[in-house]
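Single-letter residue listing:
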Amino acid sequence: MYQPRYPSFSISRSASRSALGQSLEDAAPRGQALQSLAETDSLRSRFFSWRGASGRRYVCSVFQSGEDSFVADVTNGVVIGVAREGVTTRPVCVFLAQERARRRLREIARELGVAEWHVHFCADAASLRDLSASLLN
C-alpha cells in the first residue's frame, strides 16, 4: 500500500490505472464546472465543483499552479491538486490547506503534474476524508 510522504495527504491511484490500459476518462472522478457561471467569461474558469463520497457537492475556487503563494496562505480549507490533459480534469492529491508551505506546493505541483489548485474554503477534516474517498479511489 502507498505510504504518503506528507501527513494527511492523499495521492490518486488513477495514474497506475492508466498504465494498466484504463483511459483517464474512465478512471477520473466526476467534477463539473458550475452551470450558473457557464455564460460568464471571467468567472467560469475560477470555480469548479466536486462530489464527495457522501454525495455532498463541494464548490471550489480554482487557482492556477503559478498562484501557489495565495494557496499557501489559505488557513482553513481543503486543497485539491488537479492535473489537466486536454479537457480531462483529474485530481492527483488532496490535503488540508494549513499543512502546506509555499515551497512544498511548488514541489508537489512539479512532482505530480498539478496544473490547478482547487480550494474548498472553510473545510474540515471530515470534508477532507469525504473528498479523498471520492476523488482518489
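An account of the accompanying structure is given in this report.

What about the overall build of the chain?
- Helix and strand content of the chain: five helices and seven strands.
- Counting from the amino terminus, helix and strand elements in the chain follow one another as β-α-α-β-β-β-α-β-β-α-β-α.
- Contacts in the chain between residues far apart in sequence, at least 24 positions, make up 65% of those at least 6 positions apart.
- About 7500 Å² of surface is accessible on the chain, with carbon and sulfur atoms providing 50% of the total.

Remarks on the pattern of salt bridges
- Here the structure, examined in full by the defined rule, presents five salt bridges.
- With its nearest N and O atoms 2.8 Å apart, the salt bridge here joins Glu-116 to Arg-84. Placement of Glu-116 in strand β7 (residues 116-121) and of Arg-84 in strand β5 (residues 77-85) is noted, with a sequence separation of 32 residues between them.
- Of the residues examined, Arg-84 reaches a relative accessible area of 35% and is grouped as partly exposed.

Criteria and thresholds
Residues numbered from 1 in each chain as written. Predicted model: local features only at pLDDT ≥ 70, side-chain atom pairs only at ≥ 80, totals over all residues. Heavy atoms only, no water. Helix = DSSP H or I, 4+ residues; strand = E, 2+ residues; numbered from the N terminus. Contact = heavy atoms within 4.5 Å. Areas by Shrake-Rupley, 256 points an atom, 1.4 Å probe, with all protein chains shown as cover. Salt bridge = Lys/Arg side-chain N within 4 Å of Asp/Glu carboxyl O. Buried < 20%, exposed > 50% of the residue type's maximum accessible area, 1.4 Å probe, protein only.

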